[in-house]
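# An overview of the molecular structure
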Amino acid sequence: MVTVGDELLAGDTTNTNATWLCAELTDRGVDVPRVTTVPDVVADIAQIVNEYRAAYDAVVVTGGLGPTHDDLTMEAVAAALGRDVEHSQAAEDWLVKEAGYAAADLDSGTTDLPADATPLHNEVGVAPGCVVENVYVLPGVPKEMQAMFALVADAFTGPERYVREVPVDEPESHLVDRIAALRERFDVVVGSYPGDHVRVKLSGTDREAVEAAGEWVRERMDVLEE
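These notes cover the structure that comes with them. Counting restarts for each chain: residues are numbered from 1 in the order of the written sequence. The predicted nature of this model means local features are confined to residues of pLDDT at least 70 and side-chain atom pairs, given and counted, to a pLDDT of 80 or more, with totals for whole chains, interfaces and linings taken over all residues. Derived side-chain values reflect all non-hydrogen atoms in the structure, with water molecules and hydrogen atoms excluded from consideration.

Here we take up the pattern of salt bridges. What makes a salt bridge here is a side-chain nitrogen of Lys or Arg within 4 Å of a carboxyl oxygen of Asp or Glu, nothing more. Following the criterion strictly, the structure yields nine salt bridges and no others. Of the charged contacts in the structure, one is a salt bridge between Arg28 and Asp154, with a shortest N-O distance of 3.2 Å. Within this pair, whereas Arg28 is found in the loop between α2 (16–27) and β2 (36–38), its partner Asp154 is found in the loop between α6 (142–152) and β9 (162–168), the two being separated by 126 residues in sequence. Think of it in three bands: with a 1.4 Å probe and only protein chains considered, a residue is buried below 20% of the maximum accessible area for its type, exposed above 50%, and partly exposed in between. Its relative accessible area of 27% is what places Arg28 among the partly exposed residues. Starting at the N terminus, helices and strands are each numbered in turn, a helix being any DSSP run of H or I of at least four residues and a strand any DSSP run of E of at least two.

Here it is in structure tokens:
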């Protein structure tokens with residue numbers, strides 16, 4: 001996942017898009033191995049998109065869409081894939097015929113996409129997104145991003161994932177050896193998250209392994225009532 005925007009790096013805007021998308025993708029059985037935030041700089045965006053599209057099954061990019069001076073994502077994605085940026089008549093037609101905009105009122109560049117990209121229509125905004133090869137480009141405005149992701153969500157599927165959380169009433173530092181033993185014994189992903197108590201989170205694609213790991217934790221740690 002690549003999130004774009006100077007405002008994210010400056011701390012002016014909270015990166016809720018990354019959190020929301022990671023949760024959605026995880027729920028669909030998809031592993032998200034990287035989340036990277038880059039500035040509104042064509043070379044920086046293009047470099048990371050090009051690297052990730054070669055390394056992973058898909059790249060989801062959010063932010064930097066539209067006609068303003070810092071909306072450079074489409075140009076950068078096109079550069080990463082060695083394509084030109086072209087006016088998308090399909091994107092304009094949808095905005096005019098379906099969304100009710102007058103063509104004359106659309107700012108120049110609003111419907112420019114990488115050549116041969118499939119437009120993703122923006123049902124709660126204006127600037128379209130797109131799919132080009134294995135790169136999915138979505139808006140940065142959260143409501144727009146979420147609505148547009150729904151259009152492509154079915155492209156992201158993985159094996160069903162089972163999760164069990166066990167609340168443990170011990171300091172996290174006291175659990176190090178037992179968590180190491182847990183990870184060695186069971187083929188599950190183990191997370192521990194401190195707070196009022198420690199949440200030991202177990203997840204994996206094998207239900208029996210997750211349940212067995214949960215019982216192992218209950219037997220060997222001071223567990224609160226679930």
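Looking now at the nonpolar core. In plain words, nonpolar cores are sets of buried Ala, Val, Leu, Ile, Met, Phe, Trp, Tyr and Cys residues tied together by side-chain atoms within 4.5 Å. If you look at the biggest cluster of nonpolar residues, it comprises 23 residues, and the most contacted ones within it are Val2, Val49, Val61, Cys130, Val132, Val135 and Val137. If you list the elements that add at least two residues to this core, you get β1 (2–4), α3 (42–55), β3 (59–62), α4 (73–80), β7 (129–132) and β8 (135–138). At five residues, α3 tops the list of elements feeding residues into this core. Non-local contacts of Val2, meaning those with residues more than four positions away in its chain, are made with Thr36, Val38, Ile48, Tyr52, Val59, Val60, Val61 and Thr62. Among the nonpolar cores identified, the runner-up in size contains 18 residues, and Val168, Ile179, Val198 and Val210 belong to it. Any two residues whose heavy atoms approach within 4.5 Å at even a single point are treated as in contact.

Of note, Met145 is situated in helix α6. A sequence separation of 48 residues divides Met145 from Tyr193, and the C-alpha atoms of the two residues are 29 Å apart. Those residues in contact with Met145 that lie beyond four places of it in its chain are Asn17, Trp20, Leu21, Thr62, Leu138 and Pro139.

Quick look at the packing of α3 against α4 now. Think of two packed helices as two axes; the pair is described by the angle between the axes and how far apart they sit. Two elements in contact, α3 and α4, have axes whose closest approach is 8 Å; the angle formed by their N-to-C orientations is 50°. When the axis of α3 is compared with that of α4, the two are oblique. In this structure, the crossing between α3 and α4 has a hand that is right-handed. Counted together, Val42, Ile45, Ala46, Val49, Asn50 and Arg53 of α3 and Thr73, Glu75, Ala76, Ala79 and Ala80 of α4 form the full contact between these two elements. Classification convention: Asp, Glu, Lys, Arg as charged; Ala, Val, Leu, Ile, Met, Phe, Trp, Tyr, Cys, Pro as nonpolar; all other residues, Gly among them, as polar. Grouping the constituent residues of the contact of α3 with α4 by class yields seven nonpolar, two polar and two charged. Helix axes are fitted only over the stretch in contact, all axes being lines through C-alpha atoms; the angle between N-to-C directions runs from 0 to 180 degrees. Here the angle decides the label: under 35 degrees means roughly parallel, over 145 means roughly antiparallel, 65 to 115 means roughly perpendicular, and every other value means oblique. Less than a right angle of anticlockwise turn of the near helix away from the far helix marks a crossing as left-handed, whereas a clockwise turn marks it as right-handed.

The values are spatial; any link to function lies outside them.
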